[in-house]
Structures are given as C-alpha cells and as structure tokens.
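Observations on the model geometry
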Amino acid sequence: MMKTEYKQTKLGLIPEDWEVVKLGDVVKNLRSGVSVNTENYPASLNEKGVLKTSAVFGGILYPLENKAITKVKELKRAKQTLVGGELLISRMNAPNLVGACAYIHQSYDNLYLPDRLWMTELNHDIVNSKHLNLLLNSGLYRYKLKMKATGTSNSMKNISKKSFLKIKIPLPPLPEQARIADCLSQWDRGIALLERLIAQKEEQKKGLMQQLLTGRQRLPGFAGEWERVKLGDVFEEIKEINDGGDHEPLTISAKIGFVSQRSKFDRVIAGKSLSKYRLLTKGDFAYNKGNSKTYPMGCVYLLRKYDSALVPFVYISFRAKVDADIDNMFYQHWFSNHGLDKQLKQIITSGARGDGLLNVNKGSFFSLKIPLPPLPEQKAIAAVLNTADRELSLLGAKLGQYRLQKRGLMQQLLMGRKRLV
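Residues numbered from 1 in each chain as written. Predicted model: local features only at pLDDT ≥ 70, side-chain atom pairs only at ≥ 80, totals over all residues. Heavy atoms only, no water.

Another aspect to go through is the overall build of the protein. When its secondary structure is counted, the protein shows 12 helices and 26 strands. Compactness check: the protein gives a C-alpha radius of gyration of 28 Å against a globular reference of 22 Å for 421 residues, more than 25% above the reference. Counting only C-alpha atoms and orienting by the principal axes, one finds that the protein spans roughly 75 × 60 × 50 Å. For the protein, the residues scored as buried account for 44% of the 421 residues in total. Considering only intrachain contacts with a sequence separation of at least 6, the fraction spanning at least 24 residues in the protein is 76%. Within the structure as shown, the protein displays about 22,500 Å² of accessible surface, and the carbon and sulfur contribution to it stands at 51%. Taken together, the 65 basic and 40 acidic charged side chains of the protein have centroids lying 7 Å from each other. (Helix = DSSP H or I, 4+ residues; strand = E, 2+ residues; numbered from the N terminus. Rg over C-alpha atoms; globule rule 2.2 N^0.38 Å. Buried < 20%, exposed > 50% of the residue type's maximum accessible area, 1.4 Å probe, protein only. Contact = heavy atoms within 4.5 Å. Areas by Shrake-Rupley, 256 points an atom, 1.4 Å probe, with all protein chains shown as cover. Lys, Arg positive; Asp, Glu negative; His and termini not counted. Charge placed at Lys NZ, Arg CZ, Asp CG, Glu CD.)

Shown next as structure tokens:
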C-alpha cells in the first residue's frame, strides 16, 4: 500500500494530493426560496407544497415535512423547486439547527424552497455532493457553521451567504470523494436497517403488552377470569420521609423513569423541600402527577436501579403490601402500558395546576381498579415482556455502537487520516 504524504495547511495536516478550498469555490450559486401563505397540512399527491425548515435534519431530507400551497396567487410566487443531487442548507433556524444540511436524492417538481432554506448549485466537476453533505454534517463542520451564525435572538440565528461561502474545506480528488461517500453510505444503510428492526420490535412488544396485560391472550397453562381489586387493596402508600441518610434525590422522567436530579439538572433542585421528600427502597413505586406528551395522565415507575432514593412528596409513592400476591415487574409493565389512564381521566378534578401537576386525590388514586391475575401468571407475563425489553436494550446498544463507529470513521476519512485510494 502506498504511504500517504501529508502537508500542513490552515485546516491542519491533510494528504499531499488534497486541496484546501472555500465553499465558494465549489458552490456556484445558493438559490433562495420565498415565504408563501400555506395550509396547515402537508401537500397531497396532486398538490404542491413548500418545505418546512424541519425537513432538513441530520443530513437527511424529509420531504413530507411540508405545507400545502392551495391559492393560485401563492403558487405563482413560489418559484424554486427541489433539484436532485444538490444540497439544502438551513440558513435561519434555532441555534442548534442553523446550518443543518441535507442531500436531495431526487428532484421534486411539487415541492418549493422556503425563504429560510438555501439550495446549492454545485460545481459537480470538482465536488461530489454526497461527500460535501457528509463533511458539512460532521461534528467539526456543524460546529463551524454554528459559529458563523449571528443574531441577537437566543431562539433564532442566521448565516449570511458571504460567511457561508468563505468556510474552508479539505477537498480530496473527485474519485476519492465518491469512494468516501459510498463507504459511509453503506454504514448509513446498516444503521437504517437496525433502526427499522428496532421499530418493528417495539411494535411487536406493544402488541404483546396489549394482548397479555389485558388478558386477551393467555400464556399456555393459564385460564379463568382475572380478579379486579382496588389499588389500595394490594398496595399501600409510602409515608416515610427523608431520614437524613445517604439517599439520591430523584425525579421521574416520563420517557425513561427515575433519574438523578444531579444528572438531569446538574444539581439537586429539591431545596428546602428535601427534608419532606419520600424515602423509597428498591421495589417501590411512585406516581408522577405531571402530564406529558407520553403520559398525559401522569406516569408510574418502579424503583429498580437504586437501593434507596428520595422523591418529591408531591408524587404518590406506594409499595406492595406484605401479604399481597404482587409481582412488581408485571405491574411496572401494566402501569407503563397506560393501564390507569382511563380511570385517572375520570378522577382528575381539573387541568394542570400552576406547577404543571394534575389534581389527583390520594384517596381516589388508591380506589382505582387494577387486575389481579394469579401470581404465577403475573410472573410468566413479566418474564415474556422482560425478554422483549432485553432484546430491545441489546439492539439499542448495538445501534449506539454503529453510530459511534461511523462517527469515528467519518473523522478519519473526511480529514484524510484513512485513505480509500
């Protein structure tokens, strides 16, 4: 294998046969769109639409992120449709999204460019658009683009054409650009396949939960009607408060469950109320009355990671009674499957309070009805769903590894540390 010679440039060491050029050297023109009046829904097959800025994210174009243009007057104003093989760049956006870039895989005659996006007209004789898309979406160039953005608003930043076109990039020979793009595209395909597999597994698990946790489908060896009892018949409220010991203050996130206040907020937010926090031990539950998109009626989680912990006293904390036939994991799955939602909706006395919490009376909460399958069946159902969770967890870890490996490979290939020649 031929050894690569490197040269020192303003971008650092790059291969001897690469060049440093400005974006203005490879971008012949940046086309702008116009702002038009639209409907608040995406264009159908026979309609025309204008892209939303959210259509450009993470190097990918999401064409369904558009708004239909139905008025003739507005259609006459919208001029620029999307051209395949070019790039879209978000020139005005929130600070973390400004400069976002995406490759246009095909031309769209029915989709128009908005005023907040640019579309490139590249010099394809010297630059591969897929390669440039990868470079501009690398961590280094996302950072550079953000630094070029200006504006006094904390919520909206803008990049000027002049500053964008001045950005310097390393430019390999055209054939090497194509090889780099092909190599990284294969990783993208692998990642996309894994993402689809995870989505399928999540749907399968959702179906299993709907069937098993409602008794519509019974596991082999189990039959008969399930008993229904009040939650307070088998669970009891936890009234112990902070004893001053070494217990981690936690909060409940609707999507992931118990999380340390220190890791979520970089500090303990409890303040003086920490002395009134409820003291939980592993295997206890807490109901967070905060409504969220994931759990509009609030959410219940089982403490599993910590031997003991403190949670806000505004949560309703509870544990299984000593003599109750309860498998905690069965009920964790049942609560997370929105088992209480319909009943909670009936007992919530008003909308969210000023602190964002729902008005749920403790007495009413412990009067809610829950199913009580025989303990062996609870354990069997929990085992099936735990297996599904473990599989999803392993796939998620694998996906994280793939993304990390691709990011490392991008850094190597796009800066010439590793060559495909």
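This brings us to the nonpolar core. Residues Phe 318, Leu 340, Leu 344 and Phe 365 are the most contacted members of the largest nonpolar core, which totals 37 residues. The biggest single contributor to this core is helix H9 (residues 328-336), with five residues. Ignoring any residue separated from it by four or fewer positions in sequence, one finds Phe 365 in contact with Leu 231, Tyr 287, Ile 316, Phe 318, Leu 340, Leu 344, Ile 347 and Val 360. Among the nonpolar cores identified, the runner-up in size contains 33 residues, and Tyr 103, Leu 134, Ile 169 and Leu 409 belong to it. (Core = buried A, V, L, I, M, F, W, Y, C linked by side-chain atoms within 4.5 Å.)

Right, let's talk about the packing of helix H3 (residues 129-136) against helix H12 (residues 375-414) for a bit. Running from N to C, H3 and H12 cross one another at 115°; their axes reach a closest spacing of 11 Å. It follows that H3 is roughly perpendicular to H12 by the angle criterion. Between H3 and H12 lies a crossing of left-handed hand. Between H3 and H12, the contacting residues are His 131, Leu 134 and Leu 135 on the first element and Lys 406, Met 410 and Leu 414 on the second. Class assignment of the residues belonging to the contact of H3 with H12 gives a composition of four nonpolar, one polar and one charged. (Axes fitted to C-alpha atoms, helices over the stretch in contact; angles between N-to-C directions. Parallel < 35°, antiparallel > 145°, perpendicular 65-115°, else oblique. Left-handed = near helix turned anticlockwise from the far one by under 90°. Nonpolar A, V, L, I, M, F, W, Y, C, P; charged D, E, K, R; others polar.)

On the surface, Phe 57, Ile 60 and Tyr 62 cluster together to form a nonpolar patch covering roughly 300 Å² of accessible area. Looking at the secondary structure, you find Tyr 62 in the loop between strand S7 (59-61) and strand S8 (66-69). Here Tyr 62 falls in the partly exposed class, since its relative accessible area comes to 37%. (Patch = residues over 30% accessible without salt bridge, like charges linked within 9 Å, V, L, I, M, F, W, Y side chains within 5 Å. Salt bridge = Lys/Arg side-chain N within 4 Å of Asp/Glu carboxyl O.)

A few words on the sheet that holds strand S20 (residues 257-260). Across a sheet, paired strands are connected by hydrogen bonds in the backbone, their directions being either parallel or antiparallel. Read across the sheet, four strands follow the order S20-S19-S24-S21 without closing on themselves; strand pairing throughout is mixed. Across the chains shown, the open sheet's two edge strands, defined by having one partner strand only, are S20 and strand S21 (278-281). Strand-to-strand, the axes of this sheet are offset by a mean angle of 45°, without reference to chain direction. Relative to strand S24 (residues 308-311), strand S19 (residues 248-253) is paired through two bridges, and the arrangement is parallel. Along S24, the bridge assignment pairs Pro 249 with Leu 310. (Pairing = 2+ DSSP bridges.)

Another aspect to go through is the packing of H9 against H12. The N-to-C vectors of H9 and H12 enclose an angle of 65°; their axes lie 8 Å apart at closest approach. The two elements H9 and H12 cross, and the hand of that crossing is left-handed. Contact with H9, carried on its side by Met 329, Phe 330, Tyr 331 and His 333, involves Gln 378, Ile 381, Ala 382, Leu 385, Asn 386 and Asp 389 of H12 and no other residues of that element.

What follows is about the sheet that holds strand S22 (residues 285-288). Pairing within the open sheet is antiparallel, and its four strands lie in the order S18-S25-S22-S23. Two strands lie at the open edges of the sheet, namely strand S18 (235-237) and strand S23 (299-302), each paired on one side alone. For this sheet the average axis-to-axis angle between neighbouring strands, irrespective of direction, equals 30°. Pairing geometry for S22 and strand S25 (residues 316-320), over three bridges, is antiparallel. By the bridge assignment for S25, Phe 285 is matched with Phe 318.

Turning next to the environment of Gly 33. Note on placement: Gly 33 falls in the loop between strand S4 (27-32) and strand S5 (48-51). Sequence separation of Gly 33 and Leu 51 is 18 residues, and the distance between their C-alpha atoms is 9.7 Å. The residues contacting Gly 33, other than those within four sequence positions of it, are Leu 113, Pro 114, Asp 115 and Leu 117.

Moving on: helix H4 (residues 139-148). Residues of H4 that are buried: Tyr 141, Arg 142 and Leu 145. Buried residues in H4, looked at end-on, bunch into an arc of 105°, giving them a common side. Turned more than 90 degrees from where H4 packs its buried face, Gly 139, Tyr 143 and Met 147 sit exposed. Tucked into the core, H4 has its buried residues touching H3, helix H5 (161-166) and strand S16 (168-171). (Arc of directions from axis to C-beta.)

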